[in-house]
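If you want the building blocks of each chain, they are given just below.
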Amino acid sequence: MAETAVLPLAQKLGALSTDEAKYLSQLKPEVESLYTQLHMMKASLKDADAILYKSERAKEWVKQLRELAFQAEDAIDMFVYKVAAQNQPDNIVQKIIKFLKLLIDSHQLRVNIEDIKGKLKRLFDERTSFDIKALGLFDIKPPPLVSTQAHQPEPIGIVGFDTEAEELANLLMEKEPLKPFGVVSITGMGGLGKSTLARKIFNRDDVKRHFDCQAYVTISKNYSTCGVLCKIIKQVIPGLTGEEKRALALEKGEILEEKLYECLKKKKNYLLVLDDVWKKEDWDNLARTFHVPCDGQQYRVLLITREEDVARHADLNAYPYKIKVMDEKNSLRLFWKVFFRSQNDKYIEACLNHLNKEMEYLAMDFVKKCDGLPLAIVVLASLLSEKEPRNYNEWKKVLDRVNWHQGTSNYGEVLSLSYTELPFHLKPCFLYFGLFPQDIEIERDRLIRLWVAEGFLEPRENSKMEDVGRECLRELMQRNLIQVGKWKSNGVPQSFIIHDLLLNLAISEAEEGNFLNISTPHKSLNCYRRVALHYKCGENNMPNASYHSSSTSSNLLRSLLCFTEMPPSYCGRFKLLKVLDLEDAPGIESLPQEIGKLIFLKYLSLCRTTLKTLPPWIGNLYNLQTLNLVATMIDEYLPIEILKLDKLRHLLCFRIIPKWRFDDSITKSDIGINCGCYPRPRPPPTRNLGDLGHLQTLWLQAGDWIEDGLEKLTDLRDLNIQGQHMENFKEALSKALAKFVCLEVLALGEIGDGQIFLPSFSDHVYLYHINIAGCIRELPDLKNFPPNLTRLQLYGTQLHEDMMKTLEKLPQLKDLSLVQPYDGIVMKCSTRGFPKLESLSLQWFDWLKNWTVEEGAMPNLRILEISNLYRLKCIPNGLRHITTLQELTLAMPKEFLEKVKEGGEDWEKIKHVPSINSREVTRNSTTNIPGTSNPSTLTW
């Protein structure tokens, strides 16, 4: 684990900020020498890493190296912090005192660096006595970057579950022997594929047709009742708007229970899957929210748990279905499916014919070590598929590296091997997952930004750090150590999840190497550089931690991720913090001034907190790379001091007005803004948002800043601008957009009556997602669309002509959402139109009466939503030809729903669709149309 200390420190010393370099100018030779020595140690560290699994002496060497790197980082950071704190205007006496103190501190740092360098040299010279020899690894380099537009790989299915899925599905759909309210339970140890089996049942066509509605929720150990209820309601009530979903998240538990009760009692039947229930109390807590069925109603719960007692408690009359380990035949089938990354049996057989027979025998040996646990098989097969070249000796080395147990379970050794065999640069990235609570989806962009701030990622030629992070995630995904939670329309991951057995592995390995801690006792803050505070575990311990935190411990902590309530003033105690992630943390309305002194802070997220104001001292955080203020309660101007943060890479300030306000505590010359108040002999250069040249993500309210430097931000990949009177900036915005050829996502929203003007995007090959809310009157010519556009959202665009004539010709479009886009009465989807479209949402068409879908249109459509189209007469006849359609959501008037229900005149058009969800709506009961009056309702 020394790589997590040496790599960030070496990168830091190699790329000191202007301020840090200025403070360390008197110590430049010592710092450069330390930097050189750390790079010398990196090769030996890789050698040590290669034998760490079998050498206790190598572990001790790594431990000593890690501690020396930490000491060096602490000494340098503390010196810089002291100098920065003293860098204030004073009288002559105070200046002399500070100068003398600086000399003393500089001398002490010089002594500390020389001492650490001496210890590093001795450690390097003695490495052979610690079993560390040159293993030919000095030239190891991370693999070259591949395209970040990697597409979704072919999923590898669990083999041998067909019979189980058939039996359980039939049991759920039968009226007997279950009661009107029946529980079917699946039990077994972790990693056996219980959730995979449950998903397989949940997604069956016959199951979808049988039940009126379905919901799948994961419970986990530290679940939130309100969170679980919200997830169920969103799935069982079709056609909820973004505003309605956000309102649900703010409701109390009693209200949510009532909403769910009222919804379920109207259903003829439903299926609810509760995955990963741990305790009897958890079942009792959730079961009270279910509606007791009346005559003719049939409700089913599919319960997934490791504890057989929980399953029996849920239904005393139902015998739990216990998943067994895989037999050797199916284990070997799964191994080869994963190894060759294919579901095609003929392809696998052909590959095996060209494989060394000795390797086939070795594969059998490997599979036996996995004890029939699918997770272990998948992870091990993925590991071996990465070995190059694929030969007997490479596999034999892996087999020999573990002390396999005779007669006892070995799957734990297999999972540990998956970590041991990780390349040097991936280990800290994998361990970082241990900071997050179990069973949550982790957004890809959030994770990468955290890695960049931590300094885990090594620079690669002509590549941004974010691209390196994407590649690291791809490698972890290929090794099946993490799984994709959601995919973006362009085939790249949006979020990730990690199996709890692998999460436990990450936590265990990380705590052993003092990499992180996820509990809250005060000793954890004294010993670790990274701490995550999780749900239900901080209320009683946090006060003790704050009182007992010594100055030494305050200097250790570098990263704090909070998933529970915590006083913000507590964060200011840790002077050397680099990461402060308070996303979703409750009770944060203001920021104490102490946080403004955290000059090393690179990542600050207050997303979805109740923060009401952003203080002007935000400009003091000159190392900040990410500032996330999305969905806060800030309703005032963004302070002008933000322009001092020239290292910002990601600025997300949704709904915050960037009309700069001045503050008397900071002079205009400090900020470098020419505001024209008083003449100066040498006025500072004017600064504007365009000077934040490293920005890749910018979410900001529209304003005159668009005309004052936006076009300089040519590294932008994600741009979101919303506000009023955007047509006032049409020339500047169009000019800037034309230059942003690196853009991947673009969102523009007009709150008022103004019009949005779009340039040609024909050269924007990376632009895959466009979201427009506001009047555009007419679509651009087909040639002016991005060539690789996969997702398009149009809200209140006031188009006068049928937009389908143009949109159906977009060759890569997969996801189309249209909300009040068109004021015509006729719409047509032509034969061979929308060749790749998979999801279509139509909402709030004021005048549409006739929608025609020709045979052969939308041949790949899987999801269709029709909502609040009050004048639409009937379902298009052409839907009967779209055999790929899996989900149909209808939020329509009663007369329309009468036609499409079973036995109705339009039933034949949609009876082939496995899942049909409907909800009656009336024009009088509706509220504001999503996306037109409030751009914050835009769907992402």
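What counts and how
Residues numbered from 1 in each chain as written. Predicted model: local features only at pLDDT ≥ 70, side-chain atom pairs only at ≥ 80, totals over all residues. Heavy atoms only, no water. Buried < 20%, exposed > 50% of the residue type's maximum accessible area, 1.4 Å probe, protein only. Helix = DSSP H or I, 4+ residues; strand = E, 2+ residues; numbered from the N terminus. Pairing = 2+ DSSP bridges. Polar contact = N/O pair within 3.5 Å; in protein donor to acceptor, adjacent residues only side chain to side chain. Contact = heavy atoms within 4.5 Å. 1 Å grid on protein atoms, 1.4 Å probe; cavity = no way out; pocket = protein on both sides within 12 Å on 5 of 7 lines; lining within 4 Å. Points joined across faces, edges and corners; volume = space filled by probe spheres on them. Nonpolar A, V, L, I, M, F, W, Y, C, P; charged D, E, K, R; others polar. Patch = residues over 30% accessible without salt bridge, like charges linked within 9 Å, V, L, I, M, F, W, Y side chains within 5 Å. Areas by Shrake-Rupley, 256 points an atom, 1.4 Å probe, with all protein chains shown as cover. Salt bridge = Lys/Arg side-chain N within 4 Å of Asp/Glu carboxyl O. Axes fitted to C-alpha atoms, helices over the stretch in contact; angles between N-to-C directions. Left-handed = near helix turned anticlockwise from the far one by under 90°. Phe/Tyr/Trp six-rings, centres within 6.5 Å; stacked < 30°, edge-to-face > 60°. Lys NZ or Arg CZ within 6 Å of the ring centre and 35° of its normal.

Engineer: Just give me the short version of the pairing of strand 24 (residues 839–843), but keep the residues and values in it.
Structural biologist: Counted residue by residue, strand 24 has five buried out of five residues, so it is predominantly covered. Of the two faces of strand 24, the one carrying Ser839, Ser841 and Gln843 and the one carrying Leu840 and Leu842 are both buried. Summarising the sheet, strand 22 (residues 815–819) and strand 24 pair through five bridges and their orientation is parallel. Within strand 24, the residue paired with Leu818 across the bridge is Leu842. When strand 24 meets strand 26 (residues 863–867), the two strands line up parallel, connected through five bridges. Bridging across to strand 26, Leu840 finds its partner in Leu864.

Engineer: I'd like to hear about the side chain of Ser489, residue by residue, with values.
Structural biologist: Take Ser489: it is sitting in the loop between strand 7 (483–487) and strand 8 (493–497). Only 2.7 Å separates the side chain of Ser489 from the side chain of Thr790, close enough to count as a polar contact. In contact with Ser489, other than residues within four places in its own chain, are Tyr768, Thr790, Arg791, Lys814 and Asp815.

Engineer: So what's going on with the layout of surface pockets? Residues and values would help.
Structural biologist: Taken as a whole, the second largest pocket spans an internal volume of roughly 1,400 Å³. Lining of the second largest pocket is provided by 41 residues; of these, Asp212, Lys267, Asn917, Ser918 and Arg919 occupy positions nearest its centre. For the lining of the second largest pocket, the elements supplying multiple residues, two or more each, are helix 8 (205–210), helix 9 (225–236), helix 10 (242–250), helix 11 (253–264), helix 30 (894–900) and strand 28 (915–920). Ranked by the residues each element gives to the lining of the second largest pocket, the list is headed by strand 28, at six residues. In terms of residue class, the lining of the second largest pocket is built from 16 nonpolar, seven polar and 18 charged.

Engineer: A description of a nonpolar patch on the surface should follow, citing residues and the corresponding values.
Structural biologist: On the surface, Ile825, Val826 and Trp847 cluster together into a nonpolar patch covering about 280 Å² of accessible area. Among the structural elements, Ile825 can be located in the loop between strand 22 and strand 23 (826–829).

Engineer: Please set out the packing of helix 21 (residues 444–454) against helix 22 (residues 465–478) residue by residue, giving values where relevant.
Structural biologist: For any two helices packed against each other, one specifies the crossing angle of their axes together with the interaxial distance. Taken N-terminus to C-terminus, the directions of helix 21 and helix 22 make an angle of 115°; their axes are 9 Å apart at the nearest point. The handedness of the crossing between helix 21 and helix 22 is right-handed. Across the interface between the two elements, Arg444, Leu447, Ile448, Trp451 and Val452 from helix 21 touch Met465, Glu466, Gly469, Arg470, Cys472, Leu473 and Leu476 from helix 22. The residue inventory of the contact of helix 21 with helix 22, partitioned by class, reads eight nonpolar, one polar and three charged.

Engineer: Give a detailed account of the packing of aromatic side chains, specifying residues and quantitative values.
Structural biologist: Counted according to the given criterion, the structure contains 16 aromatic pairs. Arranged with centres 5.0 Å apart and planes meeting at 85°, the rings of Phe335 and Trp336 form a pair that is edge-to-face. The buried category is assigned to Phe335, whose relative accessible area is 1%. Here a set of aromatic residues connected by ring pairs shows up, and it is made of Phe335, Trp336, Phe339, Phe340, Phe366 and Trp395. Above the face of the Trp278 ring, Lys221 is positioned so that its terminal group lies 4.3 Å from the ring centre. Seen from the ring of Phe757, Lys730 lies directly overhead, with NZ or CZ sitting 4.5 Å from the centre.

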